[in-house]
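Per-entry structural report
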Amino acid sequence: MFQREAPAGSLTALELDRRLFCLSSLTAGVAMACGGGGGAAPAPAAPAAVGGPLSTTDTKVLLLATPEGTIRDYRNLGNFFLIRDATGIYAMTAVCTHLGCTVGLPNGSLILCPCHGSQYNLGGGNVVGPATLPLVHFSVAEASPGGVLVVNTALTVPTSTRLT
Ligand code: FES
């Protein structure tokens, strides 16, 4: 019986099946590595925190001249807020202590996390879970006398610390 030979450089059916199997396995592996596979969607990631001293555009004199409760939003700079309260200025993280989502801009006296509903007061105290820890405060100081405020997101301070 005559058996036709495949032209040089062409693939037999068996070789093709093997290559397709390897390709589909690779595709499945990549999908799993990229988070495919039907699992629950991950929580929205917080913007990457930038550690270390970060220069704001505020000065102590100008911020102390604002009304109590003034909030400066620096989530795009280093994921923190600068807040002026009755006793001075403090810098506080915007990273939720539950799973690290970025909290929303303070609304009245509450700060809400959009991911799972945790709530904090303006001082960062945890009011509603699932988070159980307060928002951390960072060191804040003038770059030079009368200069802009510099927040060091690598240096935490007690929540009672104020720049006056
Ligand atoms: S990450 Fe904020 S409540 Fe879960």
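Presented here is a report on the structure given in the accompanying data block. (Residues numbered from 1 in each chain as written. Predicted model: local features only at pLDDT ≥ 70, side-chain atom pairs only at ≥ 80, totals over all residues.)

Time to look at the pairing of strand 4 (residues 88–93). Burial within strand 4 is extensive, with five of its six residues counted as buried. Bridging between strand 3 (residues 80–85) and strand 4 involves six bridges; their strand directions are antiparallel. Along strand 4, the bridge assignment pairs isoleucine 83 with tyrosine 90. What sits between strand 3 and strand 4 in their antiparallel hairpin is a turn of two residues. Here two bridges tie strand 4 to strand 8 (residues 137–142), and the two strands are oriented antiparallel to one another. Across the sheet, the residue bridging to alanine 91 is phenylalanine 138, located in strand 8. (Buried ≥ 20, exposed ≤ 12 C-beta atoms within 10 Å, placed from the backbone. Helix = DSSP H or I, 4+ residues; strand = E, 2+ residues; numbered from the N terminus. Pairing = 2+ DSSP bridges.)

Structurally, histidine 137 is set in strand 8. On the basis of neighbour count, histidine 137 is assigned to the buried category, with 23 C-beta atoms found within 10 Å. Note: C-alpha distance between histidine 137 and phenylalanine 81 (56 residues apart in sequence) is 9.4 Å. Apart from the residues lying within four places of it in its own chain, the contact partners of histidine 137 are Tyr90, Ala91, Met92, Gly124, Thr156, Val157, Thr159 and Thr161. (Contact = placed C-beta atoms within 7 Å.)

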